[in-house]
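A structural walkthrough
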Amino acid sequence: MHCALRGKSPTVTTEKTFTVDPWCLREPEFDLDVLASTEAVLTVANGNLGVRGTLDEGEPVGHPGTYLAGVHELRTMVYTETGNGDPEATETLVNTIDGTVVRLLVDGHPLDVRTGTLRQHERVLDFRAGTLERRLRWRSPGDRCVEVTSTRLVSLDQRGVFALRYTVRALDQPVEVVLQSGLVANVRKPHLPDDPGGEDLLAHALQAVEHGAVGSRLTLMHRTDRAELLVGATAEHEVEGSAGVSDLESSGEADPDQARFSVRARLEPGESVTLTKLVAYAWSGIRGVPALRDELASMLAVASNIGFDELVAHQCEILDDYWESADVEVAGDDELQQAVRFALFHILQAAARAEGHGIAGKALTGTGDEGHVFWDTETFVLQVATAVRPEVTRHALAWRHATLEQARARAHTLDLKGAAFPWRTITGPECSGYWPAGTAAFHINADIADAVLRYVDATDDEQFAREAGVELLVETARLWMSLGHWGRDERFHVFGVTGPDEYSALGDDNVYTNLMMQRNLRGAAGWARAYRESTEPLEVTPDEIERWERAADAVFVPYDEELGVHPQHAGFTDQPQWDFAGTAEEQYPLHSFFPYLQLYRKQVVKQADLVLALFLRGDAFTDEEKARDLDYYERVTVRDSSLSACCQAIIAAEVGLPNLAHQYIVESALADIRDAEHDSSDGLHVAALAGTWLALVCGFGGLRHTYSGRVDAQLSFRPTLPEELPRLRYRLLFRGRLLRVTVERESTTYEVVRGEPLTVRHERDDVELSTEAPVSRSNTLRPEPPMPTQPETRAPGRGTLPDDSSPGAPASAGSFLRRTSRADPEDASGGD
């Protein structure tokens, strides 16, 4: 077990807030200027409950947040001009009841890091313990010095439980201390951010229903006004003094929006008092107050029976198991090593107990993007989850299946067949009011189908395939058949749709969309034949299956013969190029300074679109086409989205540019730790965190998982490393086996750690693997193509590369810092 508190190891301080440590994120001192972003980064969560890393005493605070998956309020969508099919309301994630607060008074002076003298302040987010630890020493204005330590967690086992242990110790003089532990509802931000989230638009999100304070137990129960969701929290407390402390007094009180438990103690130097707080959270849209009250009591009883120490121990056991199958080891770049573990830790926190709910673009780390789920869950996050925690993918796709009726209704509204899944949502309805960068991005339906195909092939989960997967594939295939059409060229086309790139909209034959649709149609056809009993209730006929296959075989993929590249969509390469030379660095992100009229009609790419197709549908392109396409799109891609760099890294590595890939990987990995764009305060970029794993494992590790609903699926590897990384080791789960892959410059070693023998492909050769012994194969050195160029000021790592560095030169992670802007609330990206 790795959860014992460790002493400080030699670390290197980054340019911003945190020190570099392979297994934790350490904030060595308090920085008020970045308080809101550190609150997001230091979130503890489990996919059902998320608690931002606010200070225990509640102030100062940047963006307070305690979130429950699915708890939202409805807001009316206002249009100056309405259109048929426009959603009437949107869902907005609500900050619920704050159970973190423990205020401390020292001889009557409230502990506030802005007053008195703060002699020490350190917080540590521990990736192996699953805790946020805090230690501070503070001298009050009354010249009394105390030491405070606290440990908080959101249980990865008990889905609605938050736990906090808070200890105060007198240091140099006797003191009287008062600890006030509270539950607080309707906590507001101290000021509105420059880019307000949906929560800012809700004046008073929660209406009081019930409150109480009995002994050491506190209860608050509230209801959202329009969504009519009942939300409750119950807290229990235990107080313990060190040897010699006997004068402890406690009391409780409550009002509609706040309940408080207070403890008073007299401490001599060296003496301490410890408050342990367990909080249970629950909500319901259908049950009444008595039922929710009973649920809270039951959850709290279970947590109390386990106890704080055992909750911590269980947390460690869960994480030990997780890291056994998920860890990635990066030699030669300490900051990148920390960043990939930070990413994997937050991916687990985003999804571990999210069953019954979607995984939002910001997870439960903030109200950015109003807490909505987008396409990047399936395309980025679930790729990682399928490889390291496949049950997460099963739950996420089961949630999509549970919203299928709403997707069918949406398709009907749009005069389409099958199911049209929402571009952004919390519980299933479409919440995007901007057609060009919302519903028109129909590729989300193929992205969901792709995640289904990938998951079932990687797990052999036949039960899920029969009970949910087939229906998802069939209904999305029907959507494509009604959305697409046959042209005079006898090819199958899809017009007027938006791909992943948010600076292009309503294009014809978007390559990414068409190729993902093709996989969707073929997968639906293959599964309809394999699971006939599951398709009978859906009335799938042999003729319909043949139509899917015929359309898939005839999908049109545009190609510019003159330039020798694939246009992102038909006609894209004929459009005028953006004036990059005339665009100042401070005018990025472009959507903040230029009208979409100009962006949509120019060759400028916000985020990887065609390049993403090169990755996810690499089987549709030759190696030469990939190299030419990457070179072309590097020149017009500005990466105003954090979803782009990881995709460019993967293809750069594949075509023989590992040093360029290294730069892009670091850009993706540090989007939140460095917060270069000052946009992490409203939540982490969860898809970009997943992109860190994808870029390392699929880029340098060369992993490809081929599948299409047919029998030829397998794992293949084509590894490569940049000059600065001597070794990469990663793990993944596949069909009941745990694999470990170690990539070095000249060779790659494959191991089956547990499970049955497996055949994989290394470059062009099949390799037989078993648990008996590792197998090594030589890596083929690839010729390096000419280094592509990026638009002016948009090269990766700009602004922090050494003076003698160039975009293609190797550099460490600490050298890179660049813009990774969050999208506008109605832009086509969610989790970027």
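Notes on the structure follow. By convention here, each chain's residues receive numbers from 1 onward along its written sequence. Totals for whole chains, interfaces and linings use all residues, but because this is a predicted model, local features are given only for residues with pLDDT of at least 70 and pairs of side-chain atoms are given and counted only at 80 or more. Think of the side-chain values as coming from all heavy atoms in the structure, minus any hydrogens and water.

Quick look at the packing of helix α8 (residues 443–459) against helix α9 (residues 462–483)
Think of each axis as a best-fit line through the C-alpha atoms, taken over the contacting stretch in the case of a helix, with angles from 0 to 180 degrees between the N-to-C directions. Segments assigned H or I by DSSP are reported as helices when at least four residues long, segments assigned E as strands when at least two residues long, and all are numbered from the N terminus. Where α8 meets α9, the closest approach of the two axes is 10 Å, and the angle between their N-to-C directions is 150°. Classified by the interaxial angle, the pair formed by α8 and α9 is roughly antiparallel. As for the relative orientation of α8 and α9, their crossing is left-handed in sense. Contacts between α8 and α9 involve H443, N445, A446, A449, V452, L453, Y455 and V456 from the former and F464, A465, G469, L472, L473, T476, L479 and W480 from the latter. Residue type decides the class: Asp, Glu, Lys and Arg count as charged, Ala, Val, Leu, Ile, Met, Phe, Trp, Tyr, Cys and Pro as nonpolar, and the leftover types, Gly among them, as polar. Classifying every residue of the contact of α8 with α9 by side-chain character gives twelve nonpolar, four polar and no charged. The labels follow the angle: roughly parallel below 35 degrees, roughly antiparallel above 145, roughly perpendicular from 65 to 115, and oblique for the rest. Note: crossing handedness is left-handed where the near helix turns anticlockwise from the far helix by less than a right angle, and right-handed where it turns clockwise. Any two residues whose heavy atoms approach within 4.5 Å are treated as being in contact.

Overview of the state of the cysteines
When two cysteine sulfur atoms lie within 2.5 Å, the pair is treated as a disulfide. Evaluated as defined, the whole model comprises zero disulfides. Free cysteine: C646, not disulfide-bonded; nearest cysteine sulfur from C647 at 4.0 Å. Think of it in three bands: residues with accessible area under 20% of the maximum for their type are buried, residues over 50% are exposed, and the middle band is partly exposed, with areas taken using a 1.4 Å probe on protein chains only. A relative accessible area of 1% places C646 in the buried class. Here C698 is not cross-linked by a disulfide; its sulfur's nearest cysteine counterpart is in C646, at 9.7 Å.

Observations concerning helix α16 (residues 645–654)
For α16, the tally of buried residues reaches ten of ten residues, placing the bulk of the element in the interior. The complete set of buried residues in α16 reads A645, C646, C647, Q648, A649, I650, I651, A652, A653 and E654. Two residues or fewer after α16 comes G656, characterised by a positive phi angle close to 105°.

Quick word on the packing of aromatic side chains
Note on ring pairs: Phe, Tyr and Trp rings are taken, using the six-membered ring of Trp, and paired if centres are within 6.5 Å. Classes follow the plane angle, with under 30 degrees stacked, over 60 edge-to-face and the rest tilted. The final tally for this structure, using the stated rule, is 17 aromatic pairs. The interplanar angle of 40° and the centroid separation of 5.2 Å between the aromatic rings of Y596 and Y600 together place this pair among those described as tilted. Placement of the pair is Y596 and Y600 together in helix α13 (residues 596–600), with a separation of four residues, close to one helical turn. Here Y596 falls in the buried class, since its relative accessible area comes to 17%. Three or more aromatic residues link up through ring pairs in this structure, and these residues are F374, W375, F380, W423 and Y512. Its end group placed over the ring of Y588, R794 keeps NZ or CZ at 3.8 Å from the ring centre. Charge-over-ring placement is defined geometrically: NZ (Lys) or CZ (Arg) within 6 Å of the ring centre, and within 35 degrees of the ring normal.

A short note on the sheet that holds strand β25 (residues 703–706)
Strand pairing in a sheet relies on backbone hydrogen bonds. The paired strands run either parallel or antiparallel. Pairs of strands are assigned from DSSP output, requiring at least two bridges between the strands. Pairing within the open sheet is mixed, and its four strands lie in the order β25-β26-β30-β31. Looking at strand neighbours, the two that pair on one side only are β25 and β31 (765–769), the edges of this open sheet. Adjacent strand axes in the sheet meet at a mean angle of 30° when their direction is disregarded. Across five bridges, the pairing between strand β30 (residues 758–762) and β31 is antiparallel. Within β31, the position partnered with L758 by the bridge is L769.

What about unusual backbone geometry?
With an omega of -5°, the peptide bond running from E59 to P60 counts as cis. Its place among the elements puts P60 in the loop between β5 (49–51) and β6 (66–68). Even without being glycine, R639 reaches a positive phi, approximately 55°. Turning to its location among the elements, R639 is positioned in the loop between α15 (623–634) and α16. R639 gets classed as buried once you look at its relative accessible area, which sits at 0%.

Limitation: the analysis is restricted to geometry and does not speak to function.
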